[in-house]
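Reading the structure
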Amino acid sequence: MSDVRGLVEQMRGNRTKLAIFNTVRQLGRTTALDVEFRIGLSRPTVLKYLEQLADDGLVIEHGEGEPSGGRPSRVFEIRSSAAFSVGVDFGAPGLTFALVDVSKGVIDKMEVETDLEEPPSLTAKRMEDGIRQITLRNEVELEERVIAVAVGVPCYIERETELLQPIPRLPHWENVPLKAVLERELEVPVYIETGPRLMVIGEREFGGGGDVRNMVYIHVREGIGMGVIVDGRVLKGSKEDVGEIGHTVVWPQGPVCICGRRGCLEVFASEPAMVRRMEEMTGRRIGPHQLFSEVRDGVPEARKVIEEAMYYLAIAIVNVVELFDPEVVVVGGNIVQGGEFVLRTLREKLEGMKLDHRGVEVRFSSLGVYAGALGAASFAMESAFNPFPEASA
Ligand SMILES: [Zn+2]
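What counts, and at which threshold
Residues numbered from 1 in each chain as written. Predicted model: local features only at pLDDT ≥ 70, side-chain atom pairs only at ≥ 80, totals over all residues. Heavy atoms only, no water. Helix = DSSP H or I, 4+ residues; strand = E, 2+ residues; numbered from the N terminus. Buried < 20%, exposed > 50% of the residue type's maximum accessible area, 1.4 Å probe, protein only. Contact = heavy atoms within 4.5 Å. Areas by Shrake-Rupley, 256 points an atom, 1.4 Å probe, with all protein chains shown as cover. Domains from an automatic or database assignment. Axes fitted to C-alpha atoms, helices over the stretch in contact; angles between N-to-C directions. Parallel < 35°, antiparallel > 145°, perpendicular 65-115°, else oblique. Left-handed = near helix turned anticlockwise from the far one by under 90°. Nonpolar A, V, L, I, M, F, W, Y, C, P; charged D, E, K, R; others polar.

The helix and strand inventory of the protein chain stands at 15 helices and 15 strands. Taking the principal axes of its C-alpha atoms as reference, the protein chain extends roughly 70 × 50 × 40 Å. When each of the 393 residues of the protein chain is scored for burial, the buried share is 54%. When contacts within the protein chain are restricted to residue pairs at least 6 apart in sequence, long-range pairs at least 24 apart make up 63% of them. If you sum the accessible surface of the protein chain, you get close to 16,800 Å²; carbon and sulfur atoms cover 49% of it.

Listed below in structure tokens is the structure:
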């Protein structure tokens, strides 16, 4: 296998070849005739590039196939193992990684613990080590076959300088050159995006919900983030900060939030908020996994915590639905471990707030804590094969 990254770099300079490759990539397996129809180029041109792509090792030719449109035509298939991308999500706390092949097959996923207080350079080192580990253990040569990496971060991204800037929960993440450091150490193109944008992409691509053009994805963990897709486009905003649902106000007289405002959603429905409430009621200090396990087991205090938290989450969701008109609201994070009780409680609160008449589907994500990492891997792949990644994301 030759150097795929070099081939991709060349291809980005040849629009026709790239368009033909992307067509095969999207269809998975197709005939030269179908590519011809889709792209509107002459047969000799299409065949010339398909043969080149086969020589490059990016597609496989299967000879004459079933008649399509009445004529037999040569069949080409994407070579899944030709290229890979790695997605990383800095969930603060915790890093998740996903390795995806060029057909968007999920090869591997893993999670690494981090400490929020640790210096950014150490977290960056953990990202680097994790990317090496997930590729090495799957025998994917990082230098040759990983065409791009994308990292989801909870920080502000200063595009002019490509530096990360702090958020209230990460005050020491100031002027962090994460992209430059990772590109220097790994020698791979690295894209940095805000976490929730990648999560909603992950949910759309890998969540099994089909082709949804209007969706919000709400991620409940240490903070509460939201990614929004409207009319097929992932919303971004002036500071790339669309979807800061955790800091929308659900009770103006409520306790002061880490951001300085009163009564933000995060104060009531984030993991730390639920853990704190459980401790107030029982005197027991347990982690979120234990809490959600007790919810599933029917421990009354744990279920009371969920009842309260879902009331506030429902207020936020009602407002979000009125604003963005989604077909589906997907909730992800460790909270899904709480099972049917959590979802039923949330739906009951929403019905109580008259949401049901809107016909919006509210469901859990099946991706657990990996929506962000999977979305990042998908974003990296699309960016590598699209000279204008903004158009597709
Ligand atoms: Zn706040």
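Quick look at the domain arrangement of the protein chain now. Its domain assignment divides the protein chain into domain 1 (4-81), domain 2 (83-200 + 372-392) and domain 3 (209-365). Each of domain 1 and domain 3 has a C-alpha centre, and these two points are 44 Å apart.

Where helix α11 (residues 288-297) is concerned, the buried positions are Leu291, Phe292, Ser293, Glu294 and Val295. Considering only its buried residues, α11 is in contact with α10 (271-282), α12 (300-324) and α13 (340-352). Following α11 by one or two positions, Gly298 adopts a phi angle in the positive range, close to 85°.

To continue, consider the packing of helix α5 (residues 120-136) against helix α7 (residues 178-186). Relative to each other, α5 and α7 sit at 40°, their axes nearing to 10 Å. Taken together, α5 and α7 sit at an angle that is classed as oblique. The chirality of how α5 crosses α7 is right-handed. Only Leu178, Leu182, Glu185 and Leu186 of α7 make contact with α5, whose side of the interface consists of Ala124, Met127, Glu128, Ile131 and Arg132. Within the contact of α5 with α7, the residues separate by chemical class into six nonpolar, no polar and three charged.

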